2 protein chains.
Amino acid sequence: MQPEEIGQTIATAILERRLIPGRRLNELELSRLLGVSRSMIRFALVGLHHDGLVTFEANRGAFVAKPTLAEANFLFEAIAAIERSAVDIILAAPRPPSLDGLRGVHRKQVKAHAKDNMRLSEQLAIDFHHELLALTGNPLLIDAQRKLLLRYRIVTGVFKTELDYCELEDHHGELIALLESGSAARLRRLVDTHWRLVIRGHISVNPGIEDLAEALRL
Amino acid sequence: MQPEEIGQTIATAILERRLIPGRRLNELELSRLLGVSRSMIRFALVGLHHDGLVTFEANRGAFVAKPTLAEANFLFEAIAAIERSAVDIILAAPRPPSLDGLRGVHRKQVKAHAKDNMRLSEQLAIDFHHELLALTGNPLLIDAQRKLLLRYRIVTGVFKTELDYCELEDHHGELIALLESGSAARLRRLVDTHWRLVIRGHISVNPGIEDLAEALRL
DNA sequence: GGACATTTGTTCGTATGTATC
DNA sequence: AGATACATACGAACAAATGTC
């Protein structure tokens, strides 16, 4: 197992919800299972921590990140913010970019949805957003969005209830059309509408009160 | 020396340009100087790598990141993108935020500039941008901008020539005024203008040709 | 082209402190 | 309160890669 793969293996397990939020990540256990030393495991876990997939508690170790609903809302807001500015950049480019990548992913997604392959459809929906940022050609923005979308996948596992996939797909189609016609203001609104719809598909779980004194009304 | 401080110590040395881009960071040397084990140094360096301050070359070790001019431009574009959307979020808040923090930093900066304390003035200019993002209240966006501004400070060390500090300060003042009056479109334009002015203050060094075959015209 | 010194990448054993039962 | 389990940190060690003479 290569050092690079270690993080990937754990990340995949988290994103595919085999490791659920709050789950403890025992370093010794991981090192035995993956056949590498504890140092390498720590190395990987720190990397995942930087991507927001893992949290550390002092002297307690690593856990799969357990987003609160408040964090989830910040997440949606942040992704929408980056994508809103991204469409500005795409439209401001000296020559219009090829939208073939977006069209291809979108077409595949519609097809997957038609076949009721929701798992694939969801993955392609995320790929669509990656394709969108790729059009900016700005590696820093691409990376910022990549990290946020990673966390998005954790959040959906915790809070998602029911998304209106038809409408979300329509948005993607509209977005392609608007990128062609080049109306910046409408694009920004569309991106906002899109993510607001995603937010609405996430239930408002009662998170309880973390602070004990507060919970007991002291 | 606490583990947390290690990264800070190295980061500060980089940001204050005591360690210049391209400078090699020898693990053994660092561990001896800072009085911690090589493991801790490695963790610190990896952390700095995630923040874009340090690059790794396989089997050659860590170096202070040496941004190219192309990367610098991406950096400016990315910061502008985040701040453009940030002002949207600030204006869309249910109740207008207190601009006292921005005003305080701005006042200090004008004062420092008047006293010709450029070092302090530059730091306060960066603080101003941190204050701006703080108004969004979104920790994810705040963190994204924080990382980009870290790299900005390296870039200025390499490429900065002459900035029109008077005009840049005026922009900050204008920004406060526009946040009060609440005109989103003009704010977005201002943020863009601001960073475009910053870009113009950075010289266009001939970056050479990275690809050897191309450089030799093969 | 080869031998050598240096440094990284990685692992292991161990000591220490801290949380949990 | 005591025992146990675990994370944290250190130092020593080794192979592999690199740069140098």
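Residues numbered from 1 in each chain as written. Chains lettered and ligands numbered in written order. Predicted model: local features only at pLDDT ≥ 70, side-chain atom pairs only at ≥ 80, totals over all residues. Heavy atoms only, no water.

## Here's the deal with the side chain of A:His172
Residues and elements named next belong to chain A. Checked against the element boundaries, His172 lands in helix H8 (residues 165-181). On the basis of relative accessible area, His172 is assigned to the buried category, the value being 3%. Beyond its immediate chain neighbours, meaning those up to four positions away, His172 contacts His106, Gln109, Ala125, Phe128, His129 and His194. (Helix = DSSP H or I, 4+ residues; strand = E, 2+ residues; numbered from the N terminus. Buried < 20%, exposed > 50% of the residue type's maximum accessible area, 1.4 Å probe, protein only. Contact = heavy atoms within 4.5 Å.)

## Focus: the domain arrangement of chain A
All names here are of chain A. Along its sequence, chain A is carved into domain 1 (3-66) and domain 2 (69-204). On a C-alpha basis, the centroid separation for the pair domain 1 and domain 2 is 28 Å. With 11 residues of domain 1 in contact, the opposing surface of domain 2 contributes 11 residues. Summed over both partners, the interface of domain 1 with domain 2 comes to about 940 Å²; 59% of that surface belongs to carbon and sulfur atoms. When the buried surface of domain 1 facing domain 2 is broken down by residue, Leu15, Arg17 and Asp51 rank first, second and third, together holding 55% of it. Where domain 1 touches domain 2, the interface holds zero salt bridges. Counting every contact that joins domain 1 to domain 2 gives one residue pair in polar contact (both at pLDDT 80 or more). (Domains from an automatic or database assignment. Buried area = accessible area lost by both parts, 1.4 Å probe. Salt bridge = Lys/Arg side-chain N within 4 Å of Asp/Glu carboxyl O. Polar contact = N/O pair within 3.5 Å; in protein donor to acceptor, adjacent residues only side chain to side chain.)

## Quick look at the sheet that holds strand E2 (residues 54-57) of chain B
Residue and element names in this part refer to chain B. Spatially, three strands are ordered E1-E3-E2 in an open sheet, and the strand pairing comes out antiparallel. Each edge of the open sheet is held by one strand with a lone partner, namely strand E1 (24-25) and E2. One ladder, built from two bridges, connects E1 with strand E3 (residues 61-64); its direction is antiparallel. Its bridge partner being in E3, Leu25 is matched across the sheet by Ala62. (Pairing = 2+ DSSP bridges.)

## Remarks on the interface of chain B and chain A
In this assembly, 24 residues from chain B lie in contact with 24 residues from chain A. The contact between chain B and chain A buries some 2200 Å² in all, and 64% of this surface belongs to carbon and sulfur atoms. Three residues, B:Phe43, B:His50 and B:Leu140, lead the burial of chain B against chain A; their summed loss comes to 26% of the area buried on that side. Measuring nitrogen to oxygen at the nearest pair gives 2.8 Å for the salt bridge that ties A:Asp88 to B:Arg84. Run the count over chain B and chain A and you get nine residue pairs in polar contact (both at pLDDT 80 or more). Of all elements in the fold, only helix H3 (38-50), helix H4 (69-92) and helix H7 (139-159) of chain B reach the threshold of two or more residues within the side of chain B that touches chain A. In the side of chain B that touches chain A, the residues fall into 11 nonpolar, five polar and eight charged. (Nonpolar A, V, L, I, M, F, W, Y, C, P; charged D, E, K, R; others polar.)

## Topic: the environment of B:Leu149
All names here are of chain B. With respect to the element layout, Leu149 can be found in helix H7. Judged by relative accessible area, Leu149 falls into the buried class, the value being 2%. Sequence separation between Leu149 and His129 is 20 residues; the distance between their C-alpha atoms is 8.7 Å. Not counting residues up to four positions away in its chain, the partners in contact with Leu149 are Ile79, Ile126, His129, His130 and Trp195.

## With respect to the relation of the copies chain B and chain A
Least-squares fitting of chain B to chain A yields an RMSD of 0.1 Å, with the transformation described by 0.0 Å of translation along the axis and a rotation of 180°. As the rotation angle and translation indicate, the two copies are arranged about a two-fold axis. Of all interface residues in chain B, 100% are interface residues in chain A too; the two copies therefore contact each other through one and the same surface. (Least-squares fit on C-alpha atoms with pLDDT ≥ 70 in both.)

## Brief notes about the pattern of salt bridges
Pairing between side chains becomes possible if they bear opposite charge and their charged atoms approach one another. Residue and element names in this part refer to chain A. Tallied over the entire structure, the rule returns 25 salt bridges over all chains. For Asp100, the salt bridge goes to Arg103, with nearest N and O atoms at 3.0 Å. Residue Asp100 and its partner Arg103 are located together in helix H5 (residues 100-114), separated by three residues, close to a single helical turn. Asp100 gets classed as exposed once you look at its relative accessible area, which sits at 53%. Classification of Arg103 by relative accessible area gives partly exposed; the value is 28%. Across the pair Arg103 and Glu180 runs a salt bridge, and its minimum N-O distance is 2.5 Å. Placement of Arg103 in helix H5 and of Glu180 in helix H8 is noted, with a sequence separation of 77 residues between them.

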